[in-house]
Amino acid sequence: MKYQAISGGRGQYPVRLMCRCLKVSPSGFYDWHKRQPSPRARNNQRLLHRIQSIHADHQGVMGRRRMHEELGYEGETASLNRVGRLMRLNGLYGIPVAKAWRYKPSGMRPIGIANHLERDFIALEPNTKWVTDITQIRTAEGWLFLCVVIDLYSNIVIGWSMGATQQRQLVLDAVTAALGQRDDSKQPVILHSDRGTQFTSHEVQSFLKDQNIVSSMSAVGHCADNAACEGFFGILKRERVRRRRYQTRPQARSDVFDYIERFHNPRMRRRINKVDQQFAALTKPSV
């Protein structure tokens, strides 16, 4: 570290003066300066350049765990501690989670509707388990409401809608967009939500039945029953929404669209592609 400090100050101070102040020999510094970096140091430098590039591409929101995951998609084998150390030493940090308490009254679960998901957020095939929810985004014009539908197989947002009011049409539009991603309309799919009045309304429930969608709803006071969707909203707000000041609803709508299409969905596609490749390699018959 002393030699690095001397090297960084060569343009301002004499080398011998800095060596005397730091109590090292000038010959030792010059030997260190001529020495070639080790393979480990060169690999760290290469890895750091990639980390800095990814961090900049994601607008500085990725912490060490997300960075380690992203590097894994690219085939890097660096450990989580190594990635975290390189980020910390170079002043690269993610966005911490903002904790907040809130209370939202629940509606009555319609007769015949149960919690079919039972907190099992693992789907082995696409279009078998979906989750949906609504969140609000603050703008200078007022609230913008966002409804999303997420496929638990890939965690990709397959349908969403946004509007100035929190009405059942918001849900109908998001589910309609998700239906365009379903190849087989005869195959039933579970759609899990909370008990908000937008989801319990007769119009929405009738629409789901007509589309061969099995409605599933959380229990009263159990927000963890829909943790997959709540988790997406938490990441969206931490990585994008809370770092912006939206003057208009169209501005917020455009930014949320950009986050879903340019950041979240491509990241989830890389993840599921890697999982599929690993599974194919494990199941490939040996010659």
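Before any of the text, the structure's been laid out above.
Fair warning: this is a prediction, and the values are worked out from it, not measured in the lab. (Residues numbered from 1 in each chain as written. Predicted model: local features only at pLDDT ≥ 70, side-chain atom pairs only at ≥ 80, totals over all residues. Heavy atoms only, no water.)

### Structural notes on the packing of helix H2 (residues 15–22) against helix H3 (residues 26–34)
Which entries qualify depends on this criterion: The convention used is that axes are lines fitted to C-alpha atoms, helices contributing only their stretch in contact, and that angles between N-to-C directions extend from 0 to 180 degrees. Labels follow the DSSP assignment, with helices taken as runs of H or I lasting at least four residues and strands as runs of E lasting at least two, numbered in each case from the N terminus. We call two directions roughly parallel when the angle between them is under 35 degrees, roughly antiparallel when it is over 145, roughly perpendicular when it lies between 65 and 115, and oblique otherwise. Helix crossings fall into two classes, left-handed where the near helix is turned counterclockwise from the far one by less than a right angle and right-handed where it is turned clockwise. In this analysis, two residues are considered to be in contact whenever any of their non-hydrogen atoms come within 4.5 Å of each other. For this classification, the nonpolar set comprises Ala, Val, Leu, Ile, Met, Phe, Trp, Tyr, Cys and Pro, the charged set comprises Asp, Glu, Lys and Arg, and every other residue, Gly included, is treated as polar.
Orientation of H2 relative to H3, taken along the N-to-C sense of each, is 110°, at an axis distance of 9 Å. One finds that H2 runs roughly perpendicular with respect to H3. Considering the relative orientation of H2 and H3, their crossing is right-handed. For the pair formed by H2 and H3, the contact residues are Val15, Arg16 and Cys19 on the first element and Pro26, Phe29 and Tyr30 on the second. Classifying every residue of the contact of H2 with H3 by side-chain character gives five nonpolar, no polar and one charged.

### Remarks on the pattern of salt bridges
One side chain can pair with another of opposite charge once the charged atoms of both are near each other. Definition in use: Any carboxyl oxygen of Asp or Glu within 4 Å of a side-chain nitrogen of Lys or Arg constitutes a salt bridge here.
Summed over all chains, the structure comprises eleven salt bridges. One salt bridge in this structure joins Glu69 and Arg271, with 2.8 Å as the shortest N-O distance. One end of the pair, Glu69, is in helix H5 (residues 64–73); the other, Arg271, is in helix H11 (residues 249–283), and 202 residues separate them in sequence. When the shortest N-O distance is used, the salt bridge between Arg168 and Glu203 registers 2.5 Å. Here the residue Arg168 occupies a position in helix H7 (residues 168–179), and Glu203 occupies one in helix H9 (residues 202–210), the gap between them amounting to 35 residues. One salt-bridge network, held together by shared partners, links Arg240, Arg244, Asp255, Asp258 and Arg262.

### Section: the environment of Trp130
Note the cut-off: Burial here depends on accessible area, computed with a 1.4 Å probe over protein chains only, as a share of the maximum for the residue type. Under 20% is buried, over 50% is exposed, and the range in between is partly exposed. In protein, a polar contact requires one atom able to donate a hydrogen and another able to accept it; more generally it is a pair of N or O atoms within 3.5 Å, and residues adjacent in sequence count only if both atoms are side-chain atoms.
Turning to its location among the elements, Trp130 is positioned in strand E1 (residues 129–139). When its relative accessible area of 0% is taken as the criterion, Trp130 is described as buried. Once the C-alpha coordinates of Trp130 and Val148 are considered, the two residues, 18 residues apart in sequence, prove to be 10.0 Å apart. Excluding residues within four positions of it along the chain, Trp130 makes contact with Val149, Ile150, Asp151, Ile158, Ala178, Leu179, Arg182, Val189, Ile190, Leu191, His192 and Ile213. Looking at Trp130, its side chain comes within polar contact range of the side chain of Asn127, at 3.4 Å.

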